[in-house]
Every structure is written in C-alpha cells, then in structure tokens.
Amino acid sequence: MSSTKIQVRGQLLPRIPARNHRMIYSVVCGVSTKRHHRESSLLSRETCPSSDSVPTKTDKSQFLCGDVDGKFGRFGGKFVPETLISSLKDLEDEFNCLLSDQEFQEELTTALRDYVGRETPLYFAGRLTEHYKNIGRTIGVGPEIYLKREDLSHCGSHKINNALAQAMIARRLGCSHVVAATGAGQHGVATAAACAKLSLECTVYMGATDMEKQFFNVLSMKQLGAQVKSVKGTFKDASSEAIRHWVENLDSTYFLLGTVVGPHPCPIMVREFQSVIGKETRRQAHQLWGGKPDVLVACVGSGANALGLFHEFVGDEDVRLVGVEAAGLGLDSGKHSATLAVGHVGVYHGSMSYLLQDDQGQILKPHSVGVGLEYPGVGPEISFLKQTGRAEFYTATDQEAIQACMRLSRLEGIIPALETSHALAFLDKLIPTLRDGAKVIVNCSGRGDKDLDTLIQRGISFPNC
Amino acid sequence: MAASATFRASVSPSPPSSSSSSSSSQLTHLRSSPFKAFNFTPLPSSRSSKSSSFSVSCTIAKDPAVLMAPGSDPALWQRPDSFGRFGKFGGKYVPETLMHALSELESAFYALATDDDFQRELAGILKDYVGRESPLYFAERLTEHYRRENGEGPLIYLKREDLNHTGAHKINNAVAQALLAKRLGKKRIIAETGAGQHGVATATVCARFGLECIIYMGAQDMERQALNVFRMRLLGAEVRGVHSGTATLKDATSEAIRDWVTNVETTHYILGSVAGPHPYPMMVRDFHAVIGKETRRQALEKWGGKPDVLVACVGGGSNAMGLFHEFVNDKEVRMIGVEAAGFGLDSGKHAATLTKGDVGVLHGAMSYLLQDDDGQIIEPHSISAGLDYPGVGPEHSFFKDMGRAEYYSITDEEALEAFKRVSRLEGIIPALETSHALAYLEKLCPTLADGTRVVLNFSGRGDKDVQTVAKYLEV
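Residues numbered from 1 in each chain as written. Chains lettered and ligands numbered in written order. Predicted model: local features only at pLDDT ≥ 70, side-chain atom pairs only at ≥ 80, totals over all residues. Heavy atoms only, no water.

**Focus on the overall build of chain A**
Assigned secondary structure in chain A consists of 17 helices and 16 strands. Relative to its full complement of 465 residues, chain A shows a buried share of 65%. For chain A, the proportion of contacts with a sequence separation of at least 24, taken over those separated by at least 6, is 74%. Only carbon and sulfur atoms are counted for the fraction: they give 50% of the accessible area of chain A, which is about 17,000 Å². (Helix = DSSP H or I, 4+ residues; strand = E, 2+ residues; numbered from the N terminus. Buried < 20%, exposed > 50% of the residue type's maximum accessible area, 1.4 Å probe, protein only. Contact = heavy atoms within 4.5 Å. Areas by Shrake-Rupley, 256 points an atom, 1.4 Å probe, with all protein chains shown as cover.)

Written as structure tokens, this is what we have:
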C-alpha cells in the first residue's frame, strides 16, 4: 500500500479522436501499463475514453450485457485503478451479505426508527393543492399534492438513511475511520452524526467556496466531532481529495459515498439504502387512498433522493417518474447543473454516465443556488432511466427554485431546502397538465434552514414587513 | 398603567386565615359557574391506600389545602381547580376585559376535548405535519459514558422532540391552539417570542392554517436573532419590534397582552408555555401531554414497564409538563426539572426561578418568580434563550411545594459541556435548553441504581445554537 503514489493525471497516451474525459478517479502510478486498455471504440460516438489520463482496465463485455458487474444498460461499471478493485470487491461482498443478514437489518431498522425518526410522513399539502386549483380556476377537485417528508429526518434530509447504513458497514469491516466529501454539507453532517453515534472517527472534505456558503453546516460537522478539511474549489475537488485520502489508508478507512455515483457497488448500495423512502411511500399511499401515486417528482443532483423514491415504482409502468435538475442561471448561460438536459455520456468518478463536459472533455464547473445539486455528473442508474424513457427529466432555474421555496413556506409553513425547491418549482408546469384527482408525490428531500443566509443575501423582500 | 400593574405586582401568599374569605367567594363563583356545581371528591375512609372500598361523598370543597398537602395522593389533586389554581398557584390575574376571552377559551377547550372530529384532525396533523410520534431512543453511548467501573449504571433514553417539524416540542401546542382558534372563528393570531423559537412555531402553524400572524419581539432580541426574524417573515408572519422597557421577552409579552385586550373578538393569543392566566397553563400542558402519553406506551413496548426517572429542562415549563403530566399519579416515577443557573446562583445572573424565586403574580398567574425586594422583576440570564424567563408555570410551583417533583439548576458552562458531550457521543446536537437537562445527568447518574431507566425529554435540536456555541468554545 505504501508503495503507491498518487497523481491526478497519468501518462499521456496516443490521442483518440472525439471527446476526452478526465478521470477524476485518480491514477496510481506504478501499475503496469499492460493492464490498461482504453474503452472499446465499438461504443457509440458519444462515449469516448480520455487521452490525458490513465485509463483503467475495462472489459468489453461490460458494455454489451446488462446488469452484470453494476451496469445499467451501458451506464455504470467500475472505472477505477487496479488497487481499488479488491476493496470494491470486499465492499460488494459485504453488501450482498448484509442484504440477507437478519441482525444487520434489524439493527438498521431500529436505528432508522429511533435515531433517524422514520417512517417519515406522507403529508397532504392542502394549501399548495388549493393554490394550483385557484391558479387554474379549476372547478373540480384538481390534482392532489403530497409531500414525502424527508425534511423531518434527523439532520434534516434524506442523506442520513445512507450515511447511517454505510457507517454500520464501516464498523463491520473493522474500519476505525470514515472519510467523505460533501457539497452543501448535508452529507457531511449526516456522516459526522452517524460516525459519532457509532464511535468512528470522521474526516469530511469540503470545497472552500462551499464552506463559505454553508458555514452553518461546517460548524455542525465540527460540533459532531468530525474533522473538516478545506479543499480549493467545490464538491468535485473535495471528492478527489477524499478519494485520495481513502486510497492512502485503505486498511483503516472507509470511504462513505453520499450519493448514487461512483464505481460498482456504490450506486446500487446507496440506492438500496435510500429505497426505504419509496417502500414507505407505497405503503402510505395505499393506506391513504388505496392506490399508487400517479406522478413522483424529485430534484436531481446526482440522483440519490430521486432513486430513493423512484426505485420502488420503476416496475409500475403507470407511475410517472419525474426528475428536476438545476438550470441555474439558465441553460444557455453555461451556469447550471443540468447534466441530463445538456450533458454527454462519459466516465466520471469511476462510472459511465451523463456528465457536463466541454468539447475538450473537460469537466464543466456546475452552478446552482441549491448547492447540493451542483454536481457535473449524475448517477448511472438515472442515466439509464432517462435513456430507456422510463423517467422524464426537466429543469428549474435558480429564480424558479427560490420562488417555490418562498411559496411553500408561506402556504404550508414548511421551509424546503433550495435543492428540494427545484422539484417544487416544476409543479408550476406539471400540475396544469394533470387530470382531476391525480396524486402527485414530491420528495421533500430536505429542510431549508441551511439556506436562510443565501436567501437573505439575495435580498428577497416580503409584502408585509 | 393598570394592565402592567396587575401583571407585575408581587402578591405575598395569603395566610390560612384569609382562605375562608376566599372560599366564600369561591362558593359564589361555583354557584354561577356554568360547568361545575360541586367539587366531587372521594374521601378515603382510612389511611390505607390499598382499601378498595371508601365512602364517596359529594361536598363543596371548603379548603383545598386539606387535600393538597405535601405527601397526599396526587390522584386526588385538582390540577387545576375550577379557578385554574394548582393549590395556591395559578389563577387569572388579568384585566376585566380579558375575563370573557379566557372563559370562552376555557369552554372551547373543554368542548373540544371530547369532540371526536377535532381530536381526529389534531391527531392527523400531529402525525403527518409534525411527524409524531417522536421516537424513544436508547442512547447507547451516553449510557456507556455513565457506566461505573463495576459495570453498573442507569439506562438513558431520549424522547426525541428534536425530530418534530421546526425542531422542538413547541409545535405540539402551537398546532393545537391554531386549530382551536380556527374553531373559534378567529382569523388573527398573536404571540410573543424571546429568541424566536415560539415565534417561528406560531408563524409555521399560521402559514399551515392560513391565519394572519403577528409576532411581538423585543427590539434587542430582534437584533440578536436576525435569522429567526427572517424565518418568521418567510413564513408570512408580521414581526413587530417592541422598544419599551428592556426591549426583551417580558416587554414583548406585555405588548402582546395589550394587543389582545384591544382585539379580543378577532384575535387569539397563542401563549408559548404553561404560564399565563387560566386556562393557558392547563391547555398548553394538555396539548403537550402527547409527549408523556407516547412515552408510557413506548416504555411498555421497550421494557414492559414505566420509566423510573423523568428529566426535563424548565424555562416556562411546557416541555417538562408535557412529559411529566402523564406520570404524575404514578408515585414511583421520579420527576426532575432542571432550570438555568446562568453564571451561577449567587451571581444574580440566572433564571433559576424555583430555586431562588419568591411567590408573586406575573403575566396573569401566581407562581414563583425572580423579583427583588421591591417586587420588580429581575432580568434573568441564561445562555439559552428559551430558559431565560423570570417566571415559571404555576403547576411547577405547585409540584415543588408538594414535593412531587424535584428542581435543580445547571450553569451556562455545564450546559455547554453537555452540548459538546452529547453531540460527540450520540451525533445529536441538542438545543442549549435541552443541554441543561443533559448536564444534570452528570450529577444524577452516579446516584442511580443499576438498570434504572431514565427518560430525558430531548426538547429541541441545537442547530440554532451552533453559532453561539462556536463563539464560546472557539471550535
């Protein structure tokens, strides 16, 4: 382990035409070049390997068959240096074991109930429903809007579902230390909390710009006993640092991924732990109206909360799945995070998926007022849902999200996270198209206390001061 | 001003001889009272509490003091009596203009207590909007922390009111009162707030129910709590600054009461704690009592028994009452309230009303309060705004005198230590108020027998305090 040296970029290889991608999953030099080959050029023109990074071992067959070794159609996979393959295999084996381990499942369920506060309510948003009826001047009953209250979870967002379960895995694997990267800080806080509870040491990497914007989350992480390390840049840079830290300490450290990206088995693992959202929703919908939801709406940064809600219903063709990404200052401005809307397929952070890249294959810097949505990639399973047409994806701008945040606060007394507000913003366009009595469930993925400073800085005013 | 004189007067407890005069006025009231003609009290024929047969007689209680002496059976206590008294505490020390509103409120409250529709609606809102029931969480690492060298120690459970919508127990009461106000046809809600927590809870429920909301806040507090002011406005409330007096909570309270007196027909006053004139202490307690009810059920599920000790922080006393009320008649359940000792009980800068206060009348109720020799209210201090109240709910004063509950106090420093400790051991950041109760565990746990089950009311989360604490601890 100590013989490995870490570099961001590897050796230059002969340039391949079309786009390049920079593989953030850092390079380990000293690994034999014989074992590296580029991705097959049999792949569609949209997928291209990079030339200024060291590619990792890939198998052509990965791309031809589905759902083997973590593939969702052609998305997903395990684009990582050789040294990480065995750790990932260990993780995968452990994860598969746990799925049927009674003791683990019981411990997790108890913790989710008593520590996190599950199950979260499925709340009928009467005044929001009424608001859309008034706008549409509907005579009938109009569509009904329900909120899945992940904002009520411990730490204030859905992130704890995954952080807690993975921290439990870390302990099982005998790790004493957990490392994570965080954008808005929600995953950092959830990880710090779970580690405190399970007596694990915790280091969280966060972009310097993000640390300023979400100062309050930084204080919370420190209070929970985590070490917070500043990294120049934003989430993607923090991720690289965190991975670097992990690779240097593979024996004692567990890398706790916050979302459904990364090499196999990470996307599946995180999705599995978030899928409790959808499972509860099915049960609650049945209790409330004896049926299924008609439309599910969720914001999409990398896709964890969306998959958490969607996954349960993917097989129910009559349930529409709608994801809402961040259009930032507008899709034409170049300042957004609308990966699925305008991105292209490539490899990023160890898996193949859509990502925001320029003509040179350089990763674009994403932007959104909802910092948690500021990710230039998206989970491979989400890319798959888009490609197969199973889910629809739209976008909402910063302004629309802020308006939606203010609206929900005023109408329901719930201040949503700015990320969540993107999903709520899309209701403006969605609701008028739905039939009477259509049941819409929006994943209220987090609460907005962390965003008050952002809103204050924006200088928003109120009618009755 | 007449109004303020009533609220700030300190009245010494009346000696027993004058109780006969007060009881005759009680009789007059009883005759004209619409809902209670007699006080129905079973008189035990023998000392033995196990005796199943005792004579029941119907009598007009002449002297409640007989039945409510320290050591008597809590099941026999009137909490409150028809005047809203808990023993000698409580009551309705308000201007004449408010008497009708208070009676109306009281009638409405009693009527709704048996109204199935109302109860069902309230239960639904508590479940789907507030997120109840809140878990009873076994704090493994905290328990381990208090385990003695021989492996013995108490078991610590936390009642997670921090997981409620808005992050504290306050919403239980706010939601119920807003629903009640709607039933009364009131469209306008007013409230006072110190640091803003009660203001936020009120603004929240007003948004949910579409009610007009005006929050009175001391100008000084508004400066210190700009974030909460913004939050209340975001939720659609109007925040009115109060500049009189010291421009803090007690002045905001006076202003709110003044508003209520003026607009009583259209307006409901959501009082945030178990203080104030009857029926508020009873109402707010009953709306928070869901905490204790759930705890009983959860304790039974988890260990097939009752809690041994209940611990809660006490400012006005609402979260404590919410937990205690269910168990008052279970004499084997110990109840402990923890107040704020600020810089120390001798510093003069604290809010330890039950330890250092004297009986008087504040904000419409007779209770213990912090007053100087001239009967002027002493400005309290605590690092936690929610405990920074110079009074305390009358029922707590009653429990103290009756010996039913024990009250201690914790300094700012001890609270900060507990804040840090619990964050690091359990990954839950407690509110600074709650941290006072958590700090008391340091003194309590060494005295408890092995396996004693302690339930601590985790009344709120500490997100709001993270910045304050960082300043103090230089994190």
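**Quick notes on the pairing of strand β14 (residues 365–369) of chain B**
All names here are of chain B. Among the five residues in β14, five count as buried, and that is most of the element. Pairing geometry for strand β13 (residues 358–362) and β14, over five bridges, is antiparallel. Across the sheet, valine 361 pairs through a bridge with methionine 366, a residue of β14. Between the end of β13 and the start of β14, which pair antiparallel, lie two residues, with histidine 363 showing a positive phi angle near 55°. (Pairing = 2+ DSSP bridges.)

**Looking at the packing of helix α7 (residues 170–183) of chain B against helix α12 (residues 280–288) of chain B**
Angle between the axes and distance between the axes are the two parameters that describe a pair of packed helices. All names here are of chain B. Across the interface, α7 lies against α12 with an axial gap of 8 Å and an inter-helix angle of 115°. The angle between α7 and α12 places the two elements in the roughly perpendicular class. With respect to the hand of their crossing, α7 and α12 are arranged in right-handed fashion. Contact residues: α7 offers Lys170, Asn172, Asn173, Ala176, Gln177 and Leu180, while α12 offers Tyr280, Met283, Val284, Phe287 and His288. (Axes fitted to C-alpha atoms, helices over the stretch in contact; angles between N-to-C directions. Parallel < 35°, antiparallel > 145°, perpendicular 65-115°, else oblique. Left-handed = near helix turned anticlockwise from the far one by under 90°.)

**Describing the interface of chain A and chain B**
As a measure of interface size, the accessible area lost when the parts come together is often cited. Listed per partner, the contact involves 44 residues of chain A and 47 residues of chain B. Where chain A abuts chain B, roughly 3,900 Å² becomes buried across the two surfaces, and 59% of that area is made up of carbon and sulfur atoms. Interface area lost by chain A to chain B is led by Asp114(A), Gln223(A) and Phe462(A), which between them contribute 17%. Our enumeration of links across chain A and chain B arrives at four salt bridges. (Buried area = accessible area lost by both parts, 1.4 Å probe. Salt bridge = Lys/Arg side-chain N within 4 Å of Asp/Glu carboxyl O.)

**Quick look at the sheet that holds strand β7 (residues 177–182) of chain A**
All names here are of chain A. The parallel open sheet is built from four strands, whose spatial order is β9-β8-β7-β10. The open sheet has two edge strands with one neighbour each: β9 (227–231) and β10 (253–255). Direction aside, the axes of adjacent strands within the sheet are offset by 25° on average. Where strand β8 (residues 201–207) meets β9, five bridges bridge the pair, whose relative direction is parallel. Note on β9: the bridge partner recorded for tyrosine 205 is lysine 229. Sheet contacts for helix α9 (residues 235–248): β7, β8, β9 and β10; angle to β7, the most-contacted strand, approximately 165°.

**Things to note about the side chain of Lys71(A)**
Residue and element names in this part refer to chain A. Structurally, lysine 71 can be placed in strand β3 (residues 71–72). Of the residues examined, lysine 71 reaches a relative accessible area of 1% and is grouped as buried. Of the polar contacts made by the side chain of lysine 71, one reaches the backbone oxygen of arginine 74; its length is 3.2 Å. (Polar contact = N/O pair within 3.5 Å; in protein donor to acceptor, adjacent residues only side chain to side chain.)

**With respect to helix α10 (residues 226–234) of chain B**
Residue and element names in this part refer to chain B. The buried fraction of α10 is high, at seven of nine residues. For α10, every residue scored as buried is listed here: Asn228, Val229, Phe230, Arg231, Met232, Arg233 and Leu234. The positive-phi residue at the C-terminal boundary of α10 is glycine 236, with phi of around 95°.

**Here we look at unusual backbone geometry**
Residue and element names in this part refer to chain B. Omega for the peptide link from arginine 79 to proline 80 comes to 5°, which places this bond in the cis form. Note on placement: proline 80 falls in the loop between α3 (64–67) and β3 (85–86). The step from histidine 278 to proline 279 runs through a cis peptide bond, and the omega angle for that step is 15°. Mapped onto the secondary structure, proline 279 falls in the loop between β10 (267–269) and α12. Phi is positive for alanine 247, which is not a glycine, with a value near 55°. Within the secondary structure, alanine 247 sits in the loop between β9 (238–242) and α11 (249–263).

**Here's the deal with the pattern of salt bridges**
Residue and element names in this part refer to chain A. Throughout the structure, instances matching the rule amount to 66 salt bridges over all chains. Between glutamate 144 and lysine 439 there is a salt bridge; the shortest N-O distance is 3.1 Å. In this pair, glutamate 144 is assigned in strand β6 (residues 144–148) and lysine 439 in strand β16 (residues 439–443), connecting sequence segments 295 residues apart. Accessibility classification places glutamate 144 together with lysine 439 in one group, the buried group.

**Some remarks on the sheet that holds strand β11 (residues 295–299) of chain A**
Residue and element names in this part refer to chain A. Read from one edge to the other, the open sheet built from six strands follows the order β5-β6-β16-β11-β12-β15, with strand pairing classed as mixed. At either end of the open sheet lies a strand with only one pairing partner, and these are β5 (122–124) and β15 (391–397). For this sheet, the mean angle separating the axes of adjacent strands, direction not counted, is 25°. Of the pairings in the sheet, the one linking β5 to β6 comprises three bridges and is antiparallel in character. Residue tyrosine 123 lies in a different strand from β6, and its bridge partner there is leucine 147. Those strands touched by helix α16 (residues 418–430) are β6, β11, β12 (320–328), β15 and β16, and its axis lies near 140° from that of β11.

**Side note on the environment of Ala181(B)**
Residues and elements named next belong to chain B. Assignment of secondary structure puts alanine 181 in helix α7. Residue alanine 181 is classed as buried on the basis of its relative accessible area of 0%. Along the sequence, alanine 181 and alanine 252 sit 71 residues apart, while their C-alpha atoms lie 21 Å from each other. Not counting residues up to four positions away in its chain, the partners in contact with alanine 181 are Lys186, Ile189 and His268.

**Brief notes about the UniProt feature "domain: Tryptophan synthase beta chain-like PALP" (unreviewed entry) in chain B**
UniProt tags residues 132–460 of chain B as "domain: Tryptophan synthase beta chain-like PALP" (unreviewed entry). With 41% helix and 20% strand, residues 132–460 of chain B has end C-alpha atoms that lie 14 Å from one another. (UniProt positions renumbered as here; feature names shortened; annotations may be inferred.)

**Remarks on the packing of aromatic side chains**
For any pair of aromatic rings, the description consists of the separation of the ring centres together with the inter-plane angle of the planes. Using the criterion set out here, one finds 23 aromatic pairs over all chains in the structure. Their ring planes at 45° and their centres at 5.2 Å tell us that Tyr123(A) and Tyr129(B) sit as a pair that is tilted. Of this pair, Tyr123(A) sits in strand β5 while Tyr129(B) sits in helix α5 (residues 116–130), placing the two residues on different chains. Using a relative accessible area of 2% as the deciding quantity, one classes Tyr123(A) as buried. Tyr129(B) gets classed as buried once you look at its relative accessible area, which sits at 0%. Here the aromatic residues Phe124(A), Tyr146(A) and Trp289(A) are joined through ring pairs into a cluster of three or more. Directly above the aromatic system of Tyr123(A) lies the positively charged group of Arg149(A), at a separation of 5.5 Å from the ring centroid. Taking NZ or CZ as reference, Arg160(B) lies 5.5 Å from the ring centre of Tyr137(B), over its face. (Phe/Tyr/Trp six-rings, centres within 6.5 Å; stacked < 30°, edge-to-face > 60°. Lys NZ or Arg CZ within 6 Å of the ring centre and 35° of its normal.)

**Notes on the packing of α12(B) against helix α13 (residues 290–303) of chain B**
All names here are of chain B. Contact pair α12 / α13: the axes reach a minimum separation of 5 Å and the direction vectors enclose 35°. On the side of α12, the interface is formed by Asp286, Phe287 and His288, while α13 contributes Val290, Ile291 and Gly292. Considered class by class, the residues forming the contact of α12 with α13 number three nonpolar, two polar and one charged. (Nonpolar A, V, L, I, M, F, W, Y, C, P; charged D, E, K, R; others polar.)

**Details of helix α2 (residues 82–99) of chain A**
Residues and elements named next belong to chain A. The end-to-end C-alpha distance of α2 is 26 Å, a good match for the 26 Å that 18 residues give at a rise of 1.5 Å each. When we look at burial in α2, the residues that qualify are Leu84, Ser87, Leu88, Leu91, Glu92, Glu94, Phe95 and Leu98. All buried residues of α2 project into a common sector of 165° when viewed along the axis, lining one side. (Expected span 1.5 Å × (residues − 1). Arc of directions from axis to C-beta.)

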